[in-house]
Amino acid sequence: MKKCVLGDYILDMASGPFGSNLKVECFVPSGFPIIDGANLYGVRVTDNVTKFVTEEKARSLSRSIAKRHDVIVTISGTLGQVAYIPSDSLYEEYLCSQRQFRVTFDESKIDVEYLVNLLHTDYGQKKILSFANYVGVPALSQPLPNFRRIELELPDIEKQHKVAKIISTIDRKIALNRKRIATLEAMAKEIYDYWFVQFDFPDAHGRPYKSSGGAMVYNPDLKREIPKGWEVGDFTDLIDFTMGQSPAGSTLNDAGDGVLFYQGATDFGLYFPSPRQFTNNPVRMARAGDVLLSVRAPVGTLNFASDDCCVGRGLGAFRGKETSNLFVWFYLRSLKPYFDSKNVAGTTFGSIGKDDFKMLKTIIPAKPTLCAYNEVSENIYKQMLLCNCEMSYDGKLRDFLLPLLMNGQVKVG
């Protein structure tokens, strides 16, 4: 192992554009992809891009454009995030958001996959967070020059390649399962939109209801037409929910004592939260399969509870009275404009309470249609959960092997 300074291996680096250069009006429905914190789960940049700018706008900010094999690091917000853009990424180039910076390394001297995995260990995280500032919004202090100054102990390049090959095999399996979950969710959403947004659920003859001339009735409360036989009611007629409450801090631990505890969206992954804390004195509980919703800044972020868990004051747990968890998931996602209004309404930070949900009016579909969707979507959810279980197992295997390979306790070859 040789003590090295990262700056000796860096060819180029640049931060994302300042907010004044990338205003809301710059975003378009599709175009040049933007990387943000949501794409930095794990060691590989994920393809779940939700923000785009025009090609022209991106090229005007060329210093902030990252390419395959570049490393992306979060500057502010969720600190410690670091990932590389894999060679099989969906896009060849990405524009960094203002909360990230990109780094291009000399790959003849350092293996990018090895480095990013090293920076995910406790050893690597301490190096990155050594120049973090937690006053106000957590942020890295002078991120580019301080990142250059990070000192690491590295083996020779050949050993880096061998370790990276083993770990990347597991990482790729995790990434594949993540893509499978996204595909399954997209399947369920397409059916949901077709049935409950376009109202083209199968009629008694198996034909799309509205497109085949199914009767529609105007509802004055919603000021729109809904299928005949469907009703309008309160949010609580369709969905039950539990608002979280945090247990005493003295009951929290990371040793697995008690039940899982999630405080807020900081524990969230793409679809399922990452176990981090436990409590031996839970206050408010969520059931496995419940949809967890962030009810404090930012309002509206969703995850599924993969196990029974305690929820803190930053979360609410939602479950359908006669609907599947995927129905609840997509229904809550449809409330995004409402949640966004709550994010900007508070004087200090956005929040939403139980009374806000109780006042909502909603369409209540006919029971046969709900039952049919439940049957289809529950099978899809079971496959999503299975993929998540495999990801969790592979993640634990990776985390077990990684430090052993890094410090030489396990030899390669």
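Our subject in this report is the structure included herewith. None of these values were measured; they are calculated from a predicted model.

### Structural notes on the side chain of Asp394
Note on placement: Asp394 falls in helix H10 (residues 367-406). You can call Asp394 buried: its relative accessible area is 5%. Every residue in contact with Asp394, bar those within four places of it in the chain, is listed here: Ile170, Lys173, Ile174 and Asn177.

### Structural notes on the packing of aromatic side chains
Taken as a whole, this structure holds 30 aromatic pairs when the rule is applied. Through pairs of rings, three or more aromatic residues link up here, namely Tyr192, Trp195, Phe196, Phe199, Phe201, Tyr209, Trp230, Phe327, Phe330 and Tyr373.

### A look at the packing of helix H7 (residues 325-334) against H10
The N-to-C vectors of H7 and H10 enclose an angle of 95°; their axes lie 7 Å apart at closest approach. With respect to their mutual orientation, H7 and H10 come out roughly perpendicular. Contacts between H7 and H10 involve Asn325, Leu326, Phe327 and Phe330 from the former and Leu370, Tyr373, Ser377, Glu378, Ile380, Tyr381 and Met384 from the latter. Considering only residue class, the contact of H7 with H10 consists of eight nonpolar, two polar and one charged.

### Notes on the sheet that holds strand E10 (residues 100-105)
Read from one edge to the other, the open sheet built from four strands follows the order E2-E10-E7-E8, with strand pairing classed as antiparallel. Sheet topology places strand E2 (10-15) and strand E8 (82-84) at the edges, where each strand pairs with a single neighbour. For this sheet the average axis-to-axis angle between neighbouring strands, irrespective of direction, equals 20°.

### Regarding the packing of helix H5 (residues 157-197) against H10
One can describe the packing of H5 onto H10 by two numbers: an axis separation of 9 Å at closest approach and a directional angle of 165°. It follows from the interaxial angle that H5 and H10 lie roughly antiparallel. Along this stretch, H5 crosses H10, giving a crossing that reads as left-handed. Here the contact of H5 with H10 is built from residues that sort into 25 nonpolar, five polar and eight charged.

Rules behind the numbers
Every chain's residues receive numbers from 1 upward, in the order its sequence appears when written. For this predicted model, a pLDDT threshold of at least 70 governs which residues receive local features, and a threshold of 80 or more governs which side-chain atom pairs are given and counted, while totals over whole chains, interfaces and linings are taken from all residues. The basis for the side-chain values is all heavy atoms of the structure; hydrogens and waters are excluded. A helix here means a DSSP run of H or I that spans at least four residues, while a strand means a run of E at least two residues long, and both kinds are numbered starting from the N terminus. Buried, partly exposed and exposed residues are distinguished by accessible area as a fraction of the type maximum, computed with a 1.4 Å probe on protein chains only: under 20%, between the cut-offs, and over 50%, respectively. Whether two residues touch is decided by their heavy atoms; if any such pair falls within 4.5 Å, the residues are in contact. Note on aromatic contacts: the rings of Phe and Tyr and the six-membered ring of Trp form a pair at centre separations within 6.5 Å, being stacked when their planes are under 30 degrees apart, edge-to-face when over 60 apart, and tilted otherwise. In this analysis, axes come from line fits to C-alpha atoms, helices being fitted only over the stretch in contact, and the angle between any two N-to-C directions falls in the range 0 to 180 degrees. By definition in this entry, angles of less than 35 degrees are roughly parallel, angles greater than 145 are roughly antiparallel, angles of 65 to 115 are roughly perpendicular, and the rest are oblique. Note that Gly is not counted as nonpolar here; it falls among the polar residues with everything else outside the nonpolar set of Ala, Val, Leu, Ile, Met, Phe, Trp, Tyr, Cys and Pro and the charged set of Asp, Glu, Lys and Arg. At least two DSSP bridges between two strands are needed for those strands to be called paired. Crossing handedness is defined as follows: a turn of the near helix away from the far one that is anticlockwise and smaller than a right angle gives a left-handed crossing, while the clockwise case is right-handed.

All quantities given are derived from atomic positions and should not be read as evidence of function.
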